[in-house]
Amino acid sequence: MAKPNLRPDHNGTQRAQFESNKLKIYASQKNCGICGKPVDFSLKFPHPLSRCIDHIIPVAKGGHPSDIANLQLAHMTCNRRKSDKLMPERDFTTGTELVSNRLLPLTYDWKTI
């Protein structure tokens, strides 16, 4: 028997706010918050480079499920690779090291498919 999804951003009290903030992020962000490369909005799920929303601090690690400050645009494959990890990050514009989750190893170049 499948375990019910209890995350409030999936089906619960935070769902409406998450959907509203997702639209704001899609309208205002153009680069993946994890790898820093542009996101092609014409690609649709299940393409690995399609757009999705990433929780900067994962809900499993105590991150808020719908706060816009905890959400960022990401490629689906980058988000899956990051999973629920918290990692050191690099600011792509200044090169300054920050504490977050964006510095992940790239394992495969999906654009060659």
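Just so it is clear, the model here is predicted, and its values are computed rather than measured. (Residues numbered from 1 in each chain as written. Predicted model: local features only at pLDDT ≥ 70, side-chain atom pairs only at ≥ 80, totals over all residues. Heavy atoms only, no water.)

Colleague: Just checking my understanding: could you explain the state of the cysteines for this structure?
Modeller: Here, the word disulfide means a covalent bond between the sulfur atoms of two cysteines. Applying the stated rule across the entire model yields zero disulfides. There is no disulfide at C32, and the cysteine sulfur nearest it, in C35, is 3.8 Å away. Just so you know, C78 is unpaired, no disulfide at all, and the nearest cysteine sulfur is the one on C35, 3.8 Å from it. (Disulfide = S-S within 2.5 Å.)

Colleague: Can you help me understand the pattern of salt bridges in this one?
Modeller: Opposite charge on two side chains lets them pair, provided their charged atoms get close. Within the structure shown, the criterion is met by three salt bridges. With a shortest N-O distance of 2.6 Å, E19 and R15 are connected by a salt bridge. Linking E19 with R15, this pair stays in helix α1 (residues 15-28), spanning four residues, or about one helical turn. Classification of E19 as partly exposed rests on a relative accessible area of 24%. Take R15: its relative accessible area is 31%, and that puts it in the partly exposed class. (Salt bridge = Lys/Arg side-chain N within 4 Å of Asp/Glu carboxyl O. Helix = DSSP H or I, 4+ residues; strand = E, 2+ residues; numbered from the N terminus. Buried < 20%, exposed > 50% of the residue type's maximum accessible area, 1.4 Å probe, protein only.)

Colleague: I tried to follow the environment of N79 on my own but got confused; where do I start?
Modeller: Within the element layout of this structure, N79 appears in helix α2 (residues 76-82). Spatially, the C-alpha atom of N79 lies 10.0 Å from that of L49, the residues being 30 residues apart in sequence. Other than its neighbours up to four places away in sequence, N79 contacts I34, C52, I53, D54 and A74. (Contact = heavy atoms within 4.5 Å.)

Colleague: For this particular structure, what's the right way to read unusual backbone geometry?
Modeller: The amide bond that connects F45 to the next residue, P46, takes the cis arrangement and shows omega of 15 degrees. Relative to the helices and strands, P46 resides in the loop between α1 and β1 (51-55). The phi dihedral of S83 falls on the positive side, at around 55 degrees, and the residue is not glycine. Assignment of secondary structure puts S83 in the loop between α2 and β3 (88-90). Taking the relative accessible area as the measure of exposure, S83 reaches 42% and is therefore partly exposed.

Colleague: What am I meant to see in the packing of aromatic side chains here?
Modeller: The full count for this structure, using the stated rule, is one aromatic pair. Between Y26 and F41, the aromatic rings sit 5.9 Å apart at their centres with planes inclined by 90 degrees, giving edge-to-face as the arrangement. Of this pair, Y26 sits in helix α1 while F41 sits in the loop between α1 and β1, placing them 15 residues apart in sequence. Between the NZ or CZ atom of K30 and the centre of the ring of F41, over which it lies, the distance is 5.3 Å. Directly above the aromatic system of Y26 lies the positively charged group of R51, at a separation of 4.2 Å from the ring centroid. (Phe/Tyr/Trp six-rings, centres within 6.5 Å; stacked < 30°, edge-to-face > 60°. Lys NZ or Arg CZ within 6 Å of the ring centre and 35° of its normal.)

Colleague: Honestly, the confidence of the model for the protein chain in this entry has me stumped. Any pointers?
Modeller: Reading fine detail from the predicted coordinates is not recommended where pLDDT is low. Looking at the protein chain, the pLDDT average stands at 79 and 69% of residues meet or exceed 70. Segment residues 102-106 is flagged for pLDDT under 50; beyond a separation of four residues in sequence, or across chains, it makes 21 contacts in the model. (pLDDT = per-residue confidence, 0-100.)

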